[in-house]
Amino acid sequence: MRYLAQAIHYPKPEHRDDLIAAMGRMRAASAAVDGLEEIGGFEDADAGRLVAISVWSSLEAFQAGMAQLGAAIADVPFDEWERQKGSMRVFPQVA
């Protein structure tokens, strides 16, 4: 069963580009991650948020792969760059 992971970030305006760059580093690191089928970052400019999505071949691939991807952004000070705490949700594919 495939899974969709969705992370939502609320960057402070002065750190929007910093968070987008961090998302780019994560995307660059994704080439070496087993079970990751798709990854991307999107912007909801009206709400001032960034939405990162990834599609995984299994829950186990997600759990292992996020540890690898997390290393690419381990230095990101989310508590300084975001105006509110972000969130991560994981959804199983149903159709």
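Above this text you will find the structure in question.
Residues numbered from 1 in each chain as written. Predicted model: local features only at pLDDT ≥ 70, side-chain atom pairs only at ≥ 80, totals over all residues. Heavy atoms only, no water.

A.B. asks: So what's going on with the layout of surface pockets? Residues and values would help.
C.D. replies: Reported here for the largest pocket is a volume of approximately 550 Å³. If you go around the largest pocket, you meet 31 residues; those closest to its centre are Ala 7, His 9, Met 26, Ala 52 and Phe 78. With 7 residues, helix H1 (residues 16-29) is the single largest residue contributor to the lining of the largest pocket. (1 Å grid on protein atoms, 1.4 Å probe; cavity = no way out; pocket = protein on both sides within 12 Å on 5 of 7 lines; lining within 4 Å. Points joined across faces, edges and corners; volume = space filled by probe spheres on them. Helix = DSSP H or I, 4+ residues; strand = E, 2+ residues; numbered from the N terminus.)

A.B. asks: Residues and numbers for the packing of H1 against helix H2 (residues 59-72), please.
C.D. replies: As a packed pair, H1 and H2 sit with axes 8 Å apart at the nearest point and diverge in direction by 130°. Between H1 and H2, the angle falls in the class oblique. Here H1 runs over H2; the crossing is right-handed. Here Arg 25, Met 26 and Ala 29 of H1 lie close against H2, whose contacting residues are Met 66, Leu 69, Gly 70 and Ala 72. Of the residues assigned to the contact of H1 with H2, the class counts are 5 nonpolar, 1 polar and 1 charged. (Axes fitted to C-alpha atoms, helices over the stretch in contact; angles between N-to-C directions. Parallel < 35°, antiparallel > 145°, perpendicular 65-115°, else oblique. Left-handed = near helix turned anticlockwise from the far one by under 90°. Contact = heavy atoms within 4.5 Å. Nonpolar A, V, L, I, M, F, W, Y, C, P; charged D, E, K, R; others polar.)

A.B. asks: Tell me what's going on with the side chain of His 9, and back it up with residues and numbers.
C.D. replies: Inspection of the secondary structure puts His 9 in strand S1 (residues 3-11). Here Glu 82 takes part through its side chain, which lies 3.0 Å from a polar atom of the side chain of His 9. Apart from residues no more than four positions distant in its own chain, His 9 is found in contact with Leu 19, Gly 48, Arg 49, Leu 50, Phe 78 and Glu 82. (Polar contact = N/O pair within 3.5 Å; in protein donor to acceptor, adjacent residues only side chain to side chain.)

A.B. asks: I'd love a proper account of the packing of aromatic side chains, names of residues and values included.
C.D. replies: Counted according to the given criterion, the structure contains 1 aromatic pair. Taking 5.7 Å as the distance between ring centres and 80° as the angle between the ring planes, the aromatic pair formed by Trp 56 and Phe 62 counts as edge-to-face. Assigned by exposure class, Trp 56 and Phe 62 land together as buried. (Phe/Tyr/Trp six-rings, centres within 6.5 Å; stacked < 30°, edge-to-face > 60°. Buried < 20%, exposed > 50% of the residue type's maximum accessible area, 1.4 Å probe, protein only.)

Take it as geometry only, folks, not as evidence of what the structure does.
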